[in-house]
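Per-entry structural report
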Amino acid sequence: MRRAIFFLNAGLVLAGFMIFLSLQACSGDKSSAKNPKARIFQTSREGDLLTEKGTLTFSKDSDSQHPVIRINPNQTFQKILGFGGAFTESTAYVLNQLSKAKRDEVIQAYFSPDGAAYTLTRTHINSCDFSLGNYAYANVPGDVQLAHFSIQEDKDDLIPLIKDAMAVKGADFDIIASPWTAPPWMKDNNAWNAGSLLKKYYPTWALFFSKYLQAYQKEGIDIWGITVENEPLGNGGNWESMHFTPEEMADFVKNHLGPQLEKDNLNPDIMIYDQNRDHLKEWVDVILGDPEVAKYVAGTAIHWYRSTYEWFPDTLQATHSAFPNKYMLQTEACVDAEVPVWQDNEWYWKKEATDWGYDWAKPENKYLHTKYAPVFRYARDIIGCLNNWVTGWVDWNMVLDNQGGPNHAKNWCIAPVIVKPETDEVYYTPLYYVMSHFSKFIRPNAYRIGVESDVKDLMVTACQNPDKSIAIAVFNQTETPVSYQIKLNEQLVEITIPQSALQTIIIQL
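One numbering rule holds for all chains: residues counted from 1, following each sequence as written. The predicted origin of the model limits local features to residues at a pLDDT of at least 70 and limits the giving and counting of side-chain atom pairs to 80 or more, whereas totals for whole chains, interfaces and linings rest on all residues. Heavy atoms from the whole structure form the basis of all side-chain values; hydrogens and water molecules are not counted.

**Digging into the sheet that holds strand β8 (residues 269-276)**
Pairing between two strands requires that DSSP report at least two bridges joining them. Numbered from the N terminus, helices here are DSSP runs of H or I no shorter than four residues, and strands are runs of E no shorter than two. The strand order β4-β5-β6-β7-β8-β9-β10-β12 describes a closed barrel built from 8 strands, whose pairing is parallel. Ignoring which end each strand starts from, the neighbouring axes of this sheet average 30° apart. In this sheet, β8 lies alongside strand β7 (residues 225-227) in parallel orientation, the contact comprising 3 bridges. Following the sheet pairing, T227 is matched in β8 by M271. Contact between two residues is taken to exist if any of their heavy atoms lie within 4.5 Å; hydrogens are not considered. Axis lines are fitted through C-alpha atoms, for helices just across the contact stretch, and the angle between N-to-C directions can take any value from 0 to 180 degrees. Relative to strand β12 (residues 390-397), helix α11 (residues 374-386) is tilted by about 150°, and along the sheet it contacts β4 (82-87), β10 (327-332) and β12.

Encoded structure:
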């Protein structure tokens, strides 16, 4: 009997102890869930550069009358691939003109977790306008088996830069490779600029991709994705280019590129199109509308150069609706047709920049090419793209000199980081910090989540990362501060964003 009482009492003590532990655990969980905190990072015209502005605590009680941004993690949209910029020969060359300390500083600034933490990059196959001159990896006319194929041209600049970025502690990024043109001997005009790939060389050009991927693998560099052709509609013949129609690209992918890579056991993501959004729908309808082509295609690459402020949401939405299983990825953007403004942060917030179309667009298209503020254009386009099913956003050159080059076609552009090699100076423009707001805080395999906003003057998007943290980007284009509330799980926090500012709010659940 005493033994029974002993076991009964012991059982009650144990049960009580387990209940105590359970209550303590639940109490801890509730406390954590009851008062989540919001860390705020800000870049503003007033001078903030990804500056941490403090931590605020959510509360169930709020007397505020300010409008609300409601975040819904249970509503998910596209998976995020990443954000970043491009390894070009010009970027590699410019960095090689700096001291080792400054070169290392810039590479760390882009790829370290303490910096921009870029996760998606791009490079060029053969030369592009941001090369020191024209070159190709196969220069022997008629060499259809590419016996003389060589990437030697990349071994003094591009490949060392990529390897140094890979060696940064904590760096983790994928690479997309894109050709601007095949070697001239494969084209109908036998020239670097413009012209089309001769059909008799379709098999050779497909083999070229395979040789390139394998050559880079031997260097220890895996290429995650390829685009079939950079800007297949051309660039006015001003630098390296090669034209395709949608039907020609479909033929090339279905009958040559896809089968060649399959045969060689290579499986990069293949992306089609790779040009401006205004013609996107007609290209995907032809190419992805054919199941025999679509089986080889992972997604569609797009650029932003059609307009200085319009991100074509209707076109993006229609494309996603038609082909929801094929992603859209922004693979190139920059402030083009501008020589960089040196160490003047204010300029990047002013409505002074113009693009190629400001002078050259047809009269009926001039409205798409007005003056704009570079910071506004970057932030607007990234948020607009994310809110319309785009899975990531890749800037163009990571680094250029203060002339906006080198560029053998004199196609000067602005990069987020500008350097003066002769004085060993580096200028991190506000664009670098805008890119960091997204690349640093929205990580690969995050999902865009639901947002409902009553704040008419702010652009907003939100993503939930694999670690469950939520990153909310809030952009104020107006000339007045805006106070607003974020609501998450029936809890609120009040925030004020100054005029002309971008905020990222990080909430750890």
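**Considerations on the pairing of strand β2 (residues 51-57)**
As paired strands, strand β1 (residues 37-44) and β2 are joined by 5 bridges and run antiparallel to one another. Paired with Q42 across the two strands is T51, which belongs to β2. In this antiparallel pair of consecutive strands, β1 and β2, the connection spans 6 residues, and G47 shows a positive phi of 130°.

**Observations regarding the packing of aromatic side chains**
Ring pairs are drawn from Phe, Tyr and Trp, using the six-membered ring of Trp, whenever the two centres fall within 6.5 Å, and their geometry is named by plane angle: stacked under 30 degrees, edge-to-face over 60, tilted for the rest. Under the counting rule described, the total for this entry stands at 36 aromatic pairs. For the ring pair F111 and F173, a centre distance of 4.7 Å and an interplane angle of 40° mean the geometry is tilted. Of this pair, F111 sits in helix α3 (residues 100-111) while F173 sits in the loop between α4 (158-166) and β6 (174-179), and the two are 62 residues apart along the sequence. Their ring planes at 85° and their centres at 5.9 Å tell us that F130 and W396 sit as a pair that is edge-to-face. Linking F130 in the loop between β5 (120-125) and α4 with W396 in strand β12, this pair joins segments that are 266 residues apart in sequence. For W396, a relative accessible area of 3% translates into the label buried. Through a chain of ring-to-ring contacts, three or more aromatic side chains come together here, namely Y135, Y137, F149, Y202, W205, F208, F209, Y212, Y216, F244 and F252. To sort residues, take the accessible area from a 1.4 Å probe on protein chains only and compare it with the maximum for the residue type: under 20% means buried, over 50% means exposed, and anything in between is partly exposed.

**A word on the sheet that holds strand β22 (residues 501-507)**
Ordered in space as β2-β1-β22-β19-β18-β17-β3-β20-β21, the 9 strands form an open sheet in which the pairing is mixed. Two strands close off the open sheet at either side, each with one partner strand: β2 and β21 (491-497). Going across the sheet, the axis of each strand differs from the next one's by a mean of 30°, ignoring polarity. In this sheet, strand β18 (residues 458-464) lies alongside strand β17 (residues 447-453) in antiparallel orientation, the contact comprising 2 bridges. Bridge pairing in β18 places Y447 opposite Q464. Lying over the sheet, α11 contacts β3 (68-79), β17, β18, β19 (470-476) and β22, oriented at roughly 55° with respect to β18. Contacting β1, β19 and β22, helix α12 (residues 430-439) crosses the sheet at an angle of about 25° to β22.

**Brief notes about the side chain of N465**
Residue position: N465 is located in the loop between β18 and β19. Accessibility expressed as a relative area gives 6% for N465, which makes it buried. In protein, a polar contact requires one atom able to donate a hydrogen and another able to accept it; more generally it is a pair of N or O atoms within 3.5 Å, and residues adjacent in sequence count only if both atoms are side-chain atoms. A distance of 2.8 Å separates a polar atom in the side chain of N465 from the backbone nitrogen of R443. Not counting residues up to four positions away in its chain, the partners in contact with N465 are F441, I442, R443, A446 and A471.

**So, the packing of helix α5 (residues 202-218) against helix α6 (residues 246-263)**
How two helices pack is summed up by the angle between their axes together with the distance between the axes. For the pair α5 and α6, interaxial distance at closest approach is 9 Å and the crossing angle is 50°. Our classification of the angle between α5 and α6 gives oblique. For the element pair α5 and α6, the recorded crossing hand is right-handed. Here Y202, P203, W205, A206, L207, F209, S210 and L213 of α5 lie close against α6, whose contacting residues are E248, D251, F252, H256, L257, Q260 and L261. For classification, angles of less than 35 degrees are called roughly parallel, those exceeding 145 degrees roughly antiparallel, those between 65 and 115 degrees roughly perpendicular, and all remaining angles oblique. Handedness of a helix crossing follows the sense of rotation of the near helix relative to the far helix, less than a right angle counterclockwise being left-handed and clockwise being right-handed.

**Description of the nonpolar core**
In these notes, a set of buried Ala, Val, Leu, Ile, Met, Phe, Trp, Tyr and Cys residues joined through side-chain atoms within 4.5 Å is what counts as a nonpolar core. With 134 residues, the main nonpolar core has F111, Y212, Y216 and F438 as its most contacted residues. If one sorts the elements of this core by residue count, α5 sits on top with 10 residues. Beyond its immediate sequence surroundings of up to four residues, Y216 is in contact with Y137, I151, D154, L158, I159, I162, I221 and I223. Core analysis: the next-biggest nonpolar cluster, separate from the first, contains 23 residues, A38, I40, L458 and I497 among them.

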